[in-house]
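Chain by chain, the residues:
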Amino acid sequence: MGAGFGGLWAARALAQTPVDALLVDRNNYHAFLPLLYQVAAAELEPEDIAYPVRSILRTLRHARFALADVEAIDLAGRVVKATERSIPYDFLILATGSVSHFFGVPGAARYAFPLKTMEQGIGLRNHILGCFERAAHEPSAEGRRRALTFAIVGGGPTGVEFAGALAELIRGPLLRDFPGLDPREVCVVLLEAREGIPPGLPEGLRAYTEGRLRRMGVEVRVRAVVAEVTPHAVHLRDGTVIPTETVVWTAGVRGDPSARVWGLPTAADGRVKVLPTLQVPNHPEVYVVGDLACVEEGGRPLPMVAPVAIQQGVAAARNILRQVRGADPQPFRYRDRGTMVAIGRNAAVACLGRRRFSGFPAWIVWLSVHIFKLIGFRNRLLVMINWAWDYLFYERAVRLILPLQARPSSQPAAEVRHPPAPGQAAEESGGAPKPGPDGPKPSAL
Ligand SMILES: Cc1cc2nc3c(=O)[nH]c(=O)nc-3n(C[C@H](O)[C@H](O)[C@H](O)COP(=O)(O)OP(=O)(O)OC[C@H]3O[C@@H](n4cnc5c(N)ncnc54)[C@H](O)[C@@H]3O)c2cc1C
């Protein structure tokens, strides 16, 4: 269940063996989420980072795809209840991922822009471009400043990468498109509750990241804890109020809240507590992988990143094959290859094994790894062309404001702007924001 990194890699591993694998997703594509921030920053088209699942599975004899939304799971009867169909199973791999975590900050689930799905990426791009259009005919300086202030909450890798990409979009193409706007009225501010960005990286790399972002025009505020988000401002715990129409939330993620509804045992962060073999306790036929799985190594939960999901997807598939052959499943062990974060043109930081580097070499490694990991030759080519165009001409290829088609079941217009994920509305009820253990999103793939 889920054609993200965990589910897709599991299906591919199973498809090479004589079992029947059915991959189910509510979308007909696999999204390469590590580059979603570039869709939001108008650097890439959505289709550059998505690939149809049916095309991926076309050449695999034992794997099929079903477009369906999983609604319930009957663990005792071994049946998945999805939209308009029931899917019986012998073994089940759950890989439905995660949702944004707002830590109960009032207004955040309602007014902040999460960045987790393709729709959210496109919605955010529309909104940012719309802010410039509104500012262009806004008579009051205060109104223009509010429209042109972009607050990003969370200085983890996603927040850093988005802040850098947004600053480059604004200082390059957008200010050229809007010559009447005063660059001094534009502000990109990155808010991080902890000390240094991205948290968790060595001090030298954090200092480089912060310095580089500042030189790109990003206002970096560390130890800045968000207390409330309103339609027109973000309030910090120290009393600072930043008037803005755009608060982008990259501060944390939590397991897909459906898991709890489906009767699975979950930890405080919504992830499913699984055995070291990735099986659900008392259900040896059910595996959970990727962002949805809570697996500890060295006393700490594994991070919610793509390499963990990929390795767990393959490990779950192998364990199922062992069970089919009558052998015992093996415990999962994560092979951590390191962390990379892109900051902007010619600038990245990387921590690979004992090697730490920054600047141009790290940026080249980051580019190469992401091109290599993208699925499909066409997508790789399109991304390379877009990046080359941007690099050579300081120009973004796409800056369209595309209306999003609301799903038939969606809520009234006011809600559609940023619909809270299931279970997130409850977070509105208060509670102090705190840095999430899952905030950082290392880019090593
Ligand atoms: C903006 C952003 C940047 C990131 N950057 C990096 C990075 O640089 N490096 C890195 O390693 N990681 C990064 N990550 C994290 C990485 O993308 C996740 O760890 C990884 O995608 C988890 O894989 P998964 O298979 O568990 O879930 P996902 O890839 O999220 O896939 C879940 C799938 O399940 C489907 N689904 C969910 N619910 C249902 C349902 N009820 N019915 C049917 N289908 C359903 C979804 O449509 C989706 O296709 C980033 C994430 C984001 C959002």
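The structure displayed is predicted, hence computed values, not measured ones. (Residues numbered from 1 in each chain as written. Predicted model: local features only at pLDDT ≥ 70, side-chain atom pairs only at ≥ 80, totals over all residues. Heavy atoms only, no water.)

(A) Local environment of the overall build of the protein chain. Scanning the protein chain for helices and strands turns up 13 helices and 27 strands. Relative to the 2.2 N^0.38 estimate, which gives 22 Å for 445 residues, the radius of gyration of the protein chain is 22 Å and therefore close to what a compact globule would have. Burial status across the protein chain gives 57% buried among its 445 residues. On the protein chain, roughly 19700 Å² of surface is accessible, and the fraction owed to carbon and sulfur atoms is 55%. Looking at charge distribution, the protein chain has the averaged site of its 51 positive side-chain charges lying 6 Å from that of its 42 negative ones. (Helix = DSSP H or I, 4+ residues; strand = E, 2+ residues; numbered from the N terminus. Rg over C-alpha atoms; globule rule 2.2 N^0.38 Å. Buried < 20%, exposed > 50% of the residue type's maximum accessible area, 1.4 Å probe, protein only. Areas by Shrake-Rupley, 256 points an atom, 1.4 Å probe, with all protein chains shown as cover. Lys, Arg positive; Asp, Glu negative; His and termini not counted. Charge placed at Lys NZ, Arg CZ, Asp CG, Glu CD.)

(B) Inspection of the packing of aromatic side chains at higher detail. The final tally for this structure, using the stated rule, is 9 aromatic pairs. With a centroid separation of 5.4 Å and 45 degrees between ring planes, the pair formed by Phe 102 and Trp 249 is classed as tilted. In this pair, Phe 102 is assigned in the loop between β9 (98–100) and α4 (108–111) and Trp 249 in strand β17 (residues 246–249), connecting sequence segments 147 residues apart. Its relative accessible area of 1% is what places Phe 102 among the buried residues. On the basis of relative accessible area, Trp 249 is assigned to the buried category, the value being 3%. Seen in terms of ring centroids, Trp 366 and Trp 387 are 5.7 Å apart; in terms of plane orientation they differ by 40 degrees. Their pairing is tilted. In this pair, Trp 366 sits in helix α11 (residues 360–373) while Trp 387 sits in helix α12 (residues 377–393), placing the two residues 21 residues apart along the sequence. An identical accessibility class is assigned to Trp 366 and Trp 387; each is buried. These aromatic residues form a ring-pair network of at least three members: Phe 5, Trp 9 and Phe 32. Sitting over the face of the ring of Trp 9, Arg 12 holds its NZ or CZ atom 4.9 Å from the ring centroid. Of note, Arg 345 hangs over the ring of Tyr 394, and the distance from its end group to the ring centre comes to 3.8 Å. (Phe/Tyr/Trp six-rings, centres within 6.5 Å; stacked < 30°, edge-to-face > 60°. Lys NZ or Arg CZ within 6 Å of the ring centre and 35° of its normal.)

(C) Examining the sheet that holds strand β5 (residues 70–74) more closely. Across the sheet, 3 strands lie side by side as β5-β6-β7; this open sheet has antiparallel pairing. Every interior strand has two partners, whereas the edge strands, β5 and β7 (85–88), have only one. Mean inter-strand twist for the sheet, computed between neighbouring axes without regard to direction, equals 20 degrees. Pairing between β5 and strand β6 (residues 79–82): 4 bridges, direction antiparallel. The partner of Ile 73 across the bridge, within β6, is Val 80. (Pairing = 2+ DSSP bridges. Axes fitted to C-alpha atoms, helices over the stretch in contact; angles between N-to-C directions.)

(D) Main features of the pairing of strand β13 (residues 218–222). Here β13 shows a buried face lined by Val 218, Val 220 and Val 222 and an unburied face lined by Glu 219 and Arg 221. Across 5 bridges, the pairing between strand β12 (residues 187–192) and β13 is parallel. Across the sheet, the residue bridging to Glu 192 is Val 222, located in β13. Considered for its hand, the β-α-β crossover made up of β12, helix α8 (residues 203–215) and β13 is right-handed. (Right-handed = clockwise from strand over helix to strand, strands pointing away.)

(E) Looking closely at the sheet that holds strand β25 (residues 339–344). Reading across from one edge, β25-β26-β27 is the order of the 3 strands in this open sheet, with antiparallel pairing throughout. Where the open sheet ends on each side, the last strands, each with one partner, are β25 and β27 (355–358). Each strand axis lies, on average, 5 degrees off the axis of its neighbour in the sheet, ignoring direction. In terms of strand pairing, β25 meets strand β26 (residues 347–352) through 5 bridges, oriented antiparallel. Residue Ala 342 lies in a different strand from β26, and its bridge partner there is Ala 348. Against the sheet, α8 touches β25, β26 and β27, its axis set at about 170 degrees to β26. Lying on the sheet, α11 is in contact with β25, β26 and β27; it crosses β26 at an angle near 80 degrees. (Contact = heavy atoms within 4.5 Å.)

(F) Broad picture of the packing of helix α1 (residues 5–15) against helix α10 (residues 306–324). With their axes 7 Å apart at the nearest point, α1 and α10 run at an angle of 35 degrees to one another. Every pair of crossing elements has a handedness; the one defined by α1 and α10 is right-handed. Within the contact between the two elements, α1 uses Phe 5, Gly 6, Trp 9, Ala 10, Ala 13 and Leu 14 and α10 uses Ala 306, Ala 309, Ile 310, Gly 313, Val 314, Ala 317, Ile 320 and Leu 321. Grouping the amino acids of the contact of α1 with α10 by side-chain chemistry returns 12 nonpolar, 2 polar and no charged. (Left-handed = near helix turned anticlockwise from the far one by under 90°. Nonpolar A, V, L, I, M, F, W, Y, C, P; charged D, E, K, R; others polar.)

(G) Focus on the environment of Asp 336. Among the structural elements, Asp 336 can be located in the loop between α10 and β25. Looking at Asp 336, the relative accessible area reads 56%, which means it is exposed. Once the C-alpha coordinates of Asp 336 and Leu 14 are considered, the two residues, 322 residues apart in sequence, prove to be 23 Å apart. A polar atom in the side chain of Asp 336 sits 2.9 Å from the backbone nitrogen of Gly 338. (Polar contact = N/O pair within 3.5 Å; in protein donor to acceptor, adjacent residues only side chain to side chain.)

(H) Quick look at the environment of Cys 294. Within the secondary structure, Cys 294 sits in strand β22 (residues 293–294). Remark: the alpha-carbon pair of Cys 294 and Met 304, spanning 10 residues in sequence, is separated by 9.1 Å. Not counting residues within four places of it along the chain, the set of residues in contact with Cys 294 comprises Ala 267, Arg 271, Val 272, Lys 273 and Val 274.

(I) The arrangement of the environment of Val 295 in detail. Here Val 295 shows up in the loop between β22 and β23 (296–297). By relative accessible area, which is 6% here, Val 295 ends up buried. In this view, Val 295 contacts Val 274, Leu 278, Arg 300, Pro 301, Leu 302 and Gln 312; residues no more than four positions away in its chain are not counted.

(J) Up close: the packing of helix α5 (residues 118–136) against helix α7 (residues 157–177). At a minimum axis separation of 12 Å, α5 and α7 run at an interaxial angle of 40 degrees. It follows from the interaxial angle that α5 and α7 lie oblique. Seen from above, α5 lies across α7 with right-handed handedness. Contacts from Leu 124, Ile 128, Leu 129 and Phe 132 of α5 reach α7 at Phe 162, Leu 166, Ile 170, Leu 174 and Leu 175. Among the residues forming the contact of α5 with α7, the class breakdown is 9 nonpolar, no polar and no charged. (Parallel < 35°, antiparallel > 145°, perpendicular 65-115°, else oblique.)

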